Amino acid sequence: MSVIGERVPRSDGRAKASGEAEYGVDHAEPDMIWGALVRSPVSSGRITRLDTAPALAMPGVHAVVTAADAPDTRAGWVLRDQRLFAADRVLYEGQPVAAVAADTLELAREAAAAVVLEIEPLPAVVDLDAALRPDAPLVHPDWESYVPALGPDADYPRHGNLAAESVSDPPGVDDAFARAHRVVTDEFVVQRQYQAYIEPKSAVGIYRDGRFTVHTAHQFPYNVRDRVSQFLDVRPSAVRIVGHTIGGGFGAKLDAALEPYAALLSKAARGRAVKLVNTRTEDLITCPSREGAITRVRSALDEDGTIIARELEVIADNGAYSGEMPWLASIALHCARGVYRAGPTRVTARLVYTNTAPTGAFRGVNGTYLYHAVERHMDHIAAELGVDRREYRLRHLFDDGEELLNGQVLTDAGILREGFEAIEAAAPWAKLEAERRPYRGIGIAAAWWLTNPMPGTAVVKLHEDGTAAVITAATDNGSGAVSMGVTQIVAERLGIPPSDVFVTLPDTDVAGFDAGSQGSRTTRIVGKASQIAADEVITKLKDVAAGLLEAAADDLEVADGTVRVKGAPGTSVPIAVVAATATNTVGPIQGTGSFVTPFPDFNPGCATGLMLPSFPTPTYHVHLAEVEVDPVTGTVQVLRYLVAQEVGAVISPDGTYGQVMGGVTQGIGYALHESLRIGEDGRYRERTLESYRLPLAGDVPRVEFFPLEHPDPDGPHGAKGVGEGPILLPAAVIANAVSDAIGRPLNNIPITPEEVLAALQTAELRNDEEHVR
Amino acid sequence: MDVTLTVNGRQAQVEIEPAETLLGMLRERLRLTGTKEGCNEGECGACTVLVDGLPVDSCIYSAAATSGRSVETVEGLADDDLGRELQAAFVAAGGVQCGFCTPGFLTTLVAVLRENPEPSEPELREALAGNICRCTGYSQILDAVAATISGRNRR
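Chain B appears in an unreviewed UniProt entry as Xanthine dehydrogenase from Pseudonocardia dioxanivorans. Its UniProt record gives chain B the following Pathway (unreviewed entry) comment, quoted word for word: "Alkaloid degradation; nicotine degradation."

Looking at an unreviewed UniProt entry, one finds chain A named Xanthine dehydrogenase, with Pseudonocardia dioxanivorans as its source organism.

See below:
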């Protein structure tokens, strides 16, 4: 019986529900001591005094380290622009200046507070437009000396506070605007979003025998290995990262955080294991949150209202250091038209250094606000033309064979129309419009997205009892991609129950490179690698069983826990017997598999700064929301939410729905609740989970989900990525629905009750004026 | 100072600091690490345990105040029919993703269902206002509760 598409309980579920699972924050080592960081209280300034002596003098303090104790080098995922500790200048609030190790956590925090740190404040670069002016102070006066992580040849367009730039300027844009019948212009502003995983970041570092071992709950162990190696100036193989159960990440645990400090402190404390753990406020203010951004878009329309050209400019907040961000800037090129034909399109994406915490990856990177801008703009155009918003979208919708701005051809974009139809069947648009009540509104939007193509590998090892182990550095950040997806795929191939497949936690000393739980890649990439590995196991099983069954290997099949003769299932031998026989005759059975998706063909001359050149394994998404606004309080309740999503094939129905429901909920939080403001001083206003308000059970409806399944021939059982898509569109559809409900455009995210009330008051004022006239 | 209490049905005598939280005592002294610290300010509910049957945020609850009381943590739920059924239903229904909030949801729900064996979905959503789940969007958690209730009604 097949286990693909079946409801299989996640392999780590029992341990998580019983409290036995060991998360990163639960990990302890013998004789472990504790660390704490001294962080900058201001966002921009010059260090005038740093005195560690008072901390070192405290009984029970083992070590205090500063920039003077760390290698004189810079590190970074894409650009090596970051020091482990601030040396002379601090560039954001929360930036580490020193670290201490002591007998207890309380003592470590007391010792950190005893370090004398004096900073002369400097002007903070915070405003994105101002940061790009010629007279703006430079966040990095030494920007020219920085080297990309892949070497000088990998450099890309950047200058001063401009941390990265990608520009596409195809011919015909200006001509089209010159002959346009009408031009529609918009500006959208979005705040940051904090990933707000419930497990704060932590790390345990151990320096032993000349090597660094770090225990951490991390989405991308190989990346943190590379970052620790850069910061501590040792070769990558001198660092071992051991993964633990992850209490949520959503992209924020893809780069190093506390790990290099734990490693350095252990060395300074003569090899004692040192554990660091963030307080919630430390975690919030230093997290690589989703970047705030300003998006300006204008479209040229002909007399029929057809879009004949577009310009889109996005300015995104890099924060003080680059992390992964420059690599993502060219996503604007892939999303500038959404999924609608818009003629030649000029796209300018700018990433700007500011004196704020570095931003980074959050599920649906860049896409959330780009789709918000494009889809709000589509509603605006339809309103200007006085045409139906859904109909206007369908008129411009991509079809099979659509050629994109980068030259990539979407052979299967017609799936989008199926998505609109699936939503229409469940929630007919005309009926929703006809049944409109005061302060209720509807919104619809669509998107396409990638499945991250980066490499993964797995070893499938057969135990002598007929069970299998999968050795991989892939991580399950909670999605179930490993605990359900990979587990089911291996079980299916080997014909054994999923409960007989055990997948290791990651360990970079043991398992080969894996690109981490990002971009919806794990089920597809690691599932495929594991399938290839399982096929090698099957070949070896058949070879050994051929001797036992006195049959030709080609006549055998592996199923139902046995190796058996095809067409004669009575002639069989249990896998366990074959495995045990193999161990003592030809040697233990195991197989290896690796997989990576090639980038689709693209035109390299279409843009400058094209770091992410095309979107592999595309998926398609259509969302609809119905909302109700309370005109007294300004609060918005989401009444109904529908998702039609291309997934390739459903491997785990619970895992797939869990990603859709969870991603939409995070998107609803982004749209309505999660205010994360930055003051003029560069410091966050919201600093705890009390003021940073996450969606609660009463804030979200049950999402109505319609999976679209067009199996990908290269994916395991046809699977494409699932996890990121659901967060791309909630901000777009909810903003459209709220604007529809109150008859006023709301172009900023989040749409807080204050914004709604202000818009309502403006609307009332207008109505009064019209009444007077 | 010493505090004497019942933890998951067993008597315990623990030496604590006067200002210590119940969460600190459970995790650091009794090594009951199933109870999680998410925010340390009573907002996220990951640290929820039952004190004399009532759910409390153990991160802002005094360890000394548990003297003579009975504390139930996620590790003790397997000894309780309702707790065991909820644990199984969470796994079966997809109510667990990263799982870091799960112990707090389970302990809260045990208290809720002991008080009201058949809450409506709106009542449940309200009762869970003190527990944040960042992964699931809550639907599959509510499915798990519904499955637990119908399973109990079938008997």
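## A few points about a negative patch on the surface
On the surface, E106(A), E110(A), D2(B), E15(B), E17(B), E28(B) and E37(B) cluster together into a patch of negative charge. For E17(B), the position within the fold is in the loop between β2 (10–15) and α1 (22–29). Residue classification places E17(B) among the exposed residues on the basis of a relative accessible area of 51%.

## Regarding the domain arrangement of chain A
All names here are of chain A. Annotation of chain A at the domain level lists domain 1 (23–123 + 208–272), domain 2 (293–452 + 602–762) and domain 3 (454–595). The partner domain 2 presents 23 residues to the 18 residues of domain 1 that form the contact. The junction of domain 1 with domain 2 conceals about 1,600 Å² of combined surface from both sides, 53% of it contributed by carbon and sulfur atoms. By the criterion of area lost to domain 2, the three top residues of domain 1 are V78, E93 and F250, representing 33% of everything that side buries. The salt bridge partner of R683 is E93, with a shortest N-O separation of 3.3 Å. Applying the counting rule to domain 1 against domain 2 returns nine residue pairs in polar contact (both at pLDDT 80 or more). Considering only residue class, the side of domain 1 that touches domain 2 consists of ten nonpolar, five polar and three charged.

## Structural notes on the environment of H380(A)
Residues and elements named next belong to chain A. The topology assignment puts H380 in helix α11 (residues 367–385). Under the relative-accessibility criterion, H380 is labelled partly exposed at 23%. Here the alpha-carbon distance between H380 and D186, two residues 194 residues apart in the chain, equals 8.3 Å. Ignoring anything within four residues of it in the chain, the contact list for H380 reads V184, T185 and D186.

## Topic: the packing of α11(A) against helix α12 (residues 389–396) of chain A
Between two packed helices, the angle of one axis relative to the other and the distance separating the axes together describe the packing. All names here are of chain A. The interhelical angle for the contact between α11 and α12, taken along N-to-C directions, is 110 degrees, at an axis separation of 9 Å. The angle between α11 and α12 places the two elements in the roughly perpendicular class. In terms of crossing hand, the pair formed by α11 and α12 is right-handed. Counted together, E375, M378, D379, I381, A382 and L385 of α11 and R389, Y392 and R393 of α12 form the full contact between these two elements. Partitioned by chemical class, the residues of the contact of α11 with α12 number five nonpolar, no polar and four charged.

## A look at the pairing of strand β24 (residues 556–559) of chain A
Residues and elements named next belong to chain A. Sheet topology places β24 next to strand β25 (residues 562–565); four bridges connect them, and they run antiparallel. Its bridge partner being in β25, V558 is matched across the sheet by V563. Turn length for the β24-β25 hairpin, with the two strands adjacent in sequence and antiparallel, is two residues, and the turn residue D560 shows positive phi of about 50 degrees.

Criteria and cut-off values
- Residues numbered from 1 in each chain as written.
- Chains lettered and ligands numbered in written order.
- Predicted model: local features only at pLDDT ≥ 70, side-chain atom pairs only at ≥ 80, totals over all residues.
- Heavy atoms only, no water.
- UniProt positions renumbered as here; feature names shortened; annotations may be inferred.
- Patch = residues over 30% accessible without salt bridge, like charges linked within 9 Å, V, L, I, M, F, W, Y side chains within 5 Å.
- Areas by Shrake-Rupley, 256 points an atom, 1.4 Å probe, with all protein chains shown as cover.
- Salt bridge = Lys/Arg side-chain N within 4 Å of Asp/Glu carboxyl O.
- Lys, Arg positive; Asp, Glu negative; His and termini not counted.
- Charge placed at Lys NZ, Arg CZ, Asp CG, Glu CD.
- Helix = DSSP H or I, 4+ residues; strand = E, 2+ residues; numbered from the N terminus.
- Buried < 20%, exposed > 50% of the residue type's maximum accessible area, 1.4 Å probe, protein only.
- Domains from an automatic or database assignment.
- Contact = heavy atoms within 4.5 Å.
- Buried area = accessible area lost by both parts, 1.4 Å probe.
- Polar contact = N/O pair within 3.5 Å; in protein donor to acceptor, adjacent residues only side chain to side chain.
- Nonpolar A, V, L, I, M, F, W, Y, C, P; charged D, E, K, R; others polar.
- Axes fitted to C-alpha atoms, helices over the stretch in contact; angles between N-to-C directions.
- Parallel < 35°, antiparallel > 145°, perpendicular 65-115°, else oblique.
- Left-handed = near helix turned anticlockwise from the far one by under 90°.
- Pairing = 2+ DSSP bridges.

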